[in-house]
Amino acid sequence: FVLLALTNSFNLIDGLDGLAGTVATIVFSFLGFWFYTQGIESYALIAFTFLGGVFAFLVFNWYPAKIFMGDTGSLTLGFTMGALIIAFIETNAALPETNFWRFTPVFTAGIALMIFPLYDMARVFARRIMRGQGPMTPDKSHVHHFLLRMGLKHNQVTLVLASIQIGFVLILLIMKDLSDHIALPIISILALGLGFRLDQVTVKYVKKKVAKEPR
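Residues numbered from 1 in each chain as written. Predicted model: local features only at pLDDT ≥ 70, side-chain atom pairs only at ≥ 80, totals over all residues. Heavy atoms only, no water.

Draft legend 1. Spatial organisation of the overall build of the chain. Counting its secondary structure elements, the chain contains nine helices and zero strands. The helix and strand sequence of the chain, counted from the amino end, reads α-α-α-α-α-α-α-α-α. For the chain, whose C-alpha radius of gyration is 18 Å, the value lies close to the compact-globule estimate of 17 Å for 215 residues. C-alpha extents for the chain along the principal axes are approximately 65 × 40 × 30 Å. Here the chain, with 215 residues, has 43% of them falling under the buried criterion. The long-range fraction of contacts in the chain, counting pairs at least 24 apart against all pairs at least 6 apart in sequence, stands at 69%. Accessible area for the chain stands at about 11400 Å²; split by element, carbon and sulfur atoms hold 70% of it. (Helix = DSSP H or I, 4+ residues; strand = E, 2+ residues; numbered from the N terminus. Rg over C-alpha atoms; globule rule 2.2 N^0.38 Å. Buried < 20%, exposed > 50% of the residue type's maximum accessible area, 1.4 Å probe, protein only. Contact = heavy atoms within 4.5 Å. Areas by Shrake-Rupley, 256 points an atom, 1.4 Å probe, with all protein chains shown as cover.)

Draft legend 2. Inspection of helix H8 (residues 154–174) at higher detail. Taking 1.5 Å of rise per residue, the 21 residues of H8 would be expected to cover 30 Å, and the 31 Å separating its terminal C-alpha atoms lies within 8% of that figure. Among all positions of H8, only Val157, Thr158, Leu161, Ala162, Gln165, Phe168, Val169 and Leu172 are buried. Projection of H8 onto a plane perpendicular to its axis shows the buried side chains occupying an angular sector of 125°, all on one side. (Expected span 1.5 Å × (residues − 1). Arc of directions from axis to C-beta.)

Draft legend 3. Quick look at a nonpolar patch on the surface. A grouping of Leu178, Ile182, Ile186 and Leu190 is seen on the molecular surface, where their side chains present a nonpolar patch of about 280 Å² in accessible area. Note on placement: Leu190 falls in helix H9 (residues 180–211). The class for Leu190 is partly exposed, based on a relative accessible area of 34%. (Patch = residues over 30% accessible without salt bridge, like charges linked within 9 Å, V, L, I, M, F, W, Y side chains within 5 Å. Salt bridge = Lys/Arg side-chain N within 4 Å of Asp/Glu carboxyl O.)

Draft legend 4. Geometry of the pattern of salt bridges. Across all of its chains, the model carries two salt bridges by this definition. Of the charged contacts, one joins Lys176 and Asp177 as a salt bridge, the two residues approaching to 3.7 Å between their closest N and O atoms.

Draft legend 5. Structural detail: H9. Taking 1.5 Å of rise per residue, the 32 residues of H9 would be expected to cover 46 Å, and the 46 Å separating its terminal C-alpha atoms lies within 8% of that figure. Burial in H9 covers these residues: Ala183, Ile187, Ala191, Gly195, Leu198 and Thr202. Of the surrounding secondary structure, the elements contacted by the buried residues of H9 are helix H5 (106–113), helix H6 (115–130), helix H7 (143–149) and H8.

Draft legend 6. Spatial organisation of the packing of aromatic side chains. Summed over all chains, the structure comprises nine aromatic pairs. Here Phe28 and Phe50 contribute two aromatic rings whose centre-to-centre distance is 5.6 Å and whose plane-to-plane angle is 25°, an arrangement assigned as stacked. Here the residue Phe28 occupies a position in helix H2 (residues 19–37), and Phe50 occupies one in helix H3 (residues 41–61), the gap between them amounting to 22 residues. Aromatic ring contacts, followed pair by pair, group Phe30, Trp34, Phe35, Tyr43, Phe88 and Phe103 into a single cluster. Geometry around Phe146 places Arg123 over its ring, the cationic atom sitting 4.4 Å from the centre. The lysine or arginine in question, Lys208, covers the ring of Tyr205, its NZ or CZ lying 5.9 Å from the ring centre. (Phe/Tyr/Trp six-rings, centres within 6.5 Å; stacked < 30°, edge-to-face > 60°. Lys NZ or Arg CZ within 6 Å of the ring centre and 35° of its normal.)

Draft legend 7. Fine view of the packing of H3 against helix H4 (residues 70–94). At their nearest, the axes of H3 and H4 sit 11 Å apart, and the two run at 150° to each other. As judged from the angle between their axes, H3 and H4 are roughly antiparallel. Between H3 and H4 lies a crossing of left-handed hand. Facing Tyr43, Ile46, Ala47, Phe50 and Val54 of H3, the residues of H4 in contact are Thr76, Leu77, Thr80, Leu84 and Ala87. Here the residues of the contact of H3 with H4 sort into eight nonpolar, two polar and no charged. (Axes fitted to C-alpha atoms, helices over the stretch in contact; angles between N-to-C directions. Parallel < 35°, antiparallel > 145°, perpendicular 65-115°, else oblique. Left-handed = near helix turned anticlockwise from the far one by under 90°. Nonpolar A, V, L, I, M, F, W, Y, C, P; charged D, E, K, R; others polar.)

Draft legend 8. Main features of the nonpolar core. If you look at the biggest cluster of nonpolar residues, it comprises 53 residues, and the most contacted ones within it are Phe10, Leu31, Phe35 and Phe88. In terms of residues, this core owes the most to one element, H2, which gives ten residues. Apart from residues lying up to four places away in sequence, Phe88 is in contact with Phe30, Leu31, Trp34, Phe35, Phe103, Ala109, Gly110 and Leu113. (Core = buried A, V, L, I, M, F, W, Y, C linked by side-chain atoms within 4.5 Å.)

If you want it as structure tokens, here you go:
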């Protein structure tokens, strides 16, 4: 179930030039570094190998994109990240408490690494079900679609969402000694609060934009 959720959540954010590749870069960089510091070269090699592939891909996928990864690329990256995150959670839980890179909120750490794809998936699924549609029905209610409607360009949206993803990783580092009972609610409230604020700001900007356009 975890692999299915992580794989498909990443697949759903692949709707903008450079977005999925940039998020993958952040996740693979963190996991590769963490596994390397723990002496687990096999997992680190997998993470850094995919990181190199994504870097080469982003050169041609950055706005305006010349090539696209498609479902084959996004599902492969999502599955690999999901598998590495599960390995990260299991390995992290087995580390001694004296280890500097041990994350006490081990479950929250896994969620924080994929917070944007998971939030976006939960958000669009909830909106579709509330409208009486199937959760897999395609539409333009993703977070990146909302930011585009505000007038931002593809590369600007990608940088905004990547910055938010990095911000959650930094928050995770700050809370690495807290328990899941404290860290998980904090991460969840922050994600939901930012999402709610995003909807408010987007509606405001869209109304202004529409008001200036011809009827």
